[in-house]
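# Notes for the structure review
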Amino acid sequence: VALHQNYPNPFNPTTLISFDLPDASEVRLAVYTLEGRLVAVLARQTMSAGTHSLQFDAASLSSGIYMYRLEAGAEVLSRKMMLIK
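Here's what I pulled together on the structure shown here. All residue numbers here refer to positions counted from 1 along the written sequence of the relevant chain. In keeping with the predicted nature of the model, local features appear solely for residues at pLDDT of at least 70, side-chain atom pairs appear and are counted solely at 80 or more, and the whole-chain, interface and lining totals rest on all residues. By convention in this description, side-chain values take in all heavy atoms of the structure and omit both hydrogens and water.

Going from Asn9 to Pro10, the amide bond is cis rather than trans, its omega being 5 degrees. To qualify as a helix, a DSSP run of H or I must reach at least 4 residues; to qualify as a strand, a run of E must reach at least 2; elements of each kind are numbered from the N terminus. For Pro10, the position within the fold is in the loop between strand 1 (2–3) and strand 2 (14–21). Here the amide bond leading from Asn12 into Pro13 is cis, since omega sits at -15 degrees, within 30 degrees of zero. Relative to the elements of secondary structure, Pro13 occurs in the loop between strand 1 and strand 2.

Structure, rendered in structure tokens:
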């Protein structure tokens, strides 16, 4: 499982989050504030093996640093992204 850096980063107001799955997996991709508050769930479903990309629209959020977290099977990966308005 691989979680790629969002593009573009920094972004305003949308960005693309990509990840690779070696096998079909139950996937949950969510975005959090640095304090740990959930702001969006982008995916919560079974996905096939391969590369996937999901768009995140942060138009309603404040500028700042956010974390996105991918849970796929037993793997949990996270990265930071920066929203600048």
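Here we come to the sheet that holds strand 6 (residues 64–72). Judged by pairing direction, the sheet is antiparallel, and its four strands sit side by side in the order 4-3-6-7 without closing on themselves. This sheet does not close on itself; its edge strands, each paired only once, are strand 4 (38–47) and strand 7 (75–83). Each adjacent strand pair in this sheet contributes to an overall mean axis angle of 15 degrees, direction not counted. At least two DSSP bridges between two strands are needed for those strands to be called paired. With eight bridges joining them, strand 3 (residues 25–33) and strand 4 adopt antiparallel strand pairing. Note on strand 4: the bridge partner recorded for Arg28 is Arg44. To get an axis, a line is fitted to the C-alpha atoms, and for a helix only the part in contact is used. The angle between two axes follows their N-to-C directions and goes from 0 to 180 degrees.

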